[in-house]
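# Geometric and topological summary
One-letter residues, chain by chain:
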Amino acid sequence: MELQIGIDEFSRALYRAQGIVEKKSTMPILASVLLEATTAETGQGRLRVSAFDLEIGVTGTHPAEVLKAGSVALKHKELYDIVRALPEKTAVLRREANNRVRITSGSAEFNIVGQPAEDYPPFPRAEKVALVPVDPAQLLEMIEKTQFAISADETRHNLNGVYFEVAQGNIRMVATDGHRLALIERPAPGNFNLKKGVIVPRKGLLELKRLLDEDHEGPCELGFTETSGVFQRGELQMVMRLIDGIFPDYMQVIPKEADRTVTVDSPRLLDTLRRMSILSSDRTTNAVKFELGKDTLKVTSQNPDLGDAKEEIPVIYAGTPLQIGFNARYLMDVLTAVDAPQMDVELCDELSPGVLKPTGQAAGVATRYTAVIMPMRI
């Protein structure tokens, strides 16, 4: 194998693999990336760079001047560090005896130990997936507005991802950790042929977000089988194994009607919560108390060792007085993710969940967003 490739192009390929390669694994080769150089009849060569941890795989092809086709697996971290440090705009890779690879750029030369390409696990095939064109900006928005509510509790594996389903012509993504829930709905861009919803794992979702962050414009496609999710953009493909489990009936968690609705200025409430959580008594729960009165909301926090804090902000509220406790961080996660100038906070009593929705969101529309947060006893 011998080829020349641009440093920027090679760095982009290795950056995509960064979150997938397994650094601590019983299979050491999973810490490597697979490089496959091919020549075409047109003379334009390609270098395929693949990373696969047996659950999630990303592969993409990149233009390169290939003098000799071939393949090899190289340790990702060291290769990425070397490529980013090279002095020129191009690098030459040459595989030599015993899978050692010489990398040269200008006067810099590295000789690194590789492994046979045959030892690398085969990349999952995705020919049978019906791919649907999706708007990358919309898909990115849906991930950003739900990912914070994914459970980190590994014992509840069915909550360690986002539930993706098609309902009434809309795609819906839902995440919950048992203490809070985030739901977003957007018009479906096509037929995903899903008989039931699927659970996309957290790691796969975050890697998908990384790829969408890289390019907001290029046409993308998304598809699912019963066990796999596939994302494709041009010559880039990502395949991930879905979580095998049953997602809870989340609609039971969302209160149907609220007795009280408070309209708040989102940036103002976010700033207040940041200040009040400084003195919250428990860093893990970030407990704050809401005291609602006519057109006012008093937010308080206290810490037996440090003191207490309170702040009053104007709101639109005409209901009866109410006191209720919340985890400030859960509220801040929603307010940070949703770029609405105002939010409606729907409440029933001090023991019922609070529901947050962007103000002015019509009921039943295809672009709805709902966040549910369980109350705390204070």
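An account of the accompanying structure is given in this report. It should be emphasised that the depicted structure is a prediction, and the values quoted were computed from it without experimental measurement.

## Points about the overall build of the protein
On a plain count of helices and strands, the protein comes out with 6 helices and 24 strands. Dimensions along the principal axes, computed over C-alpha positions, put the protein at roughly 80 × 50 × 35 Å. Taking all 378 residues of the protein together, the buried fraction comes to 51%. Considering only intrachain contacts with a sequence separation of at least 6, the fraction spanning at least 24 residues in the protein is 66%. When the 44 positive and 52 negative side-chain charges of the protein are each reduced to one mean point, those points stand 2 Å apart.

## Comments concerning the environment of valine 253
Tracing the backbone shows valine 253 in the loop between strand 16 (236–241) and strand 17 (260–265). A C-alpha to C-alpha distance of 56 Å links valine 253 and alanine 91, two positions 162 residues apart in sequence. Ignoring any residue separated from it by four or fewer positions in sequence, one finds valine 253 in contact with Leu181, Pro353 and Val372.

## With respect to the side chain of asparagine 158
When you line up the elements, asparagine 158 lands in the loop between helix 3 (136–144) and strand 10 (161–167). In contact with asparagine 158, other than residues within four places in its own chain, are Ile199, Ile243, Gly245, Ile246, Phe247 and Pro248.

## Looking at the packing of aromatic side chains
Counting across every chain of the model gives 8 aromatic pairs. Each ring, one from tyrosine 163 and one from phenylalanine 247, has its centre 4.8 Å from the other, and the planes form 5°; the classification is stacked. Residue tyrosine 163 is found in strand 10, and its partner phenylalanine 247 is found in the loop between strand 16 and strand 17; the two are separated by 84 residues along the sequence. Relative accessible area serves as the criterion here: at 14%, tyrosine 163 is assigned to the buried category. Since its relative accessible area comes to 9%, phenylalanine 247 is described here as buried. A ring pair is formed by phenylalanine 164 and phenylalanine 192, whose centres lie 5.4 Å apart and whose planes are at 75°; its orientation type is edge-to-face. Of the two residues, phenylalanine 164 is situated in strand 10 and phenylalanine 192 in the loop between strand 12 (180–187) and strand 13 (198–201); the sequence distance between them amounts to 28 residues. Across this residue pair, the class does not change: phenylalanine 164 and phenylalanine 192 are buried.

## Some thoughts on the side chain of serine 11
Its location among the elements puts serine 11 in helix 1 (residues 7–17). Given the relative accessible area of 14%, serine 11 is considered buried. Ignoring sequence-local partners within four residues, the contact set of serine 11 consists of Tyr80, Val83 and Arg84.

## Describing helix 2 (residues 76–85)
An α-helical turn contains 3.6 residues, so any two residues separated by three or four positions project in the same direction. Among the residues of helix 2, His76, Leu79, Tyr80, Ile82 and Val83 are the ones counted as buried. All buried residues of helix 2 project into a common sector of 165° when viewed along the axis, lining one side. In helix 2, the exposed residues that point more than 90 degrees away from the buried face are Lys77, Arg84 and Ala85. Those residues of helix 2 hidden inside the fold are in contact with helix 1, strand 2 (32–38), strand 5 (70–75), strand 7 (100–105) and strand 8 (108–115).

The rules behind each value
Residues numbered from 1 in each chain as written. Predicted model: local features only at pLDDT ≥ 70, side-chain atom pairs only at ≥ 80, totals over all residues. Heavy atoms only, no water. Helix = DSSP H or I, 4+ residues; strand = E, 2+ residues; numbered from the N terminus. Buried < 20%, exposed > 50% of the residue type's maximum accessible area, 1.4 Å probe, protein only. Contact = heavy atoms within 4.5 Å. Lys, Arg positive; Asp, Glu negative; His and termini not counted. Charge placed at Lys NZ, Arg CZ, Asp CG, Glu CD. Phe/Tyr/Trp six-rings, centres within 6.5 Å; stacked < 30°, edge-to-face > 60°. Arc of directions from axis to C-beta.

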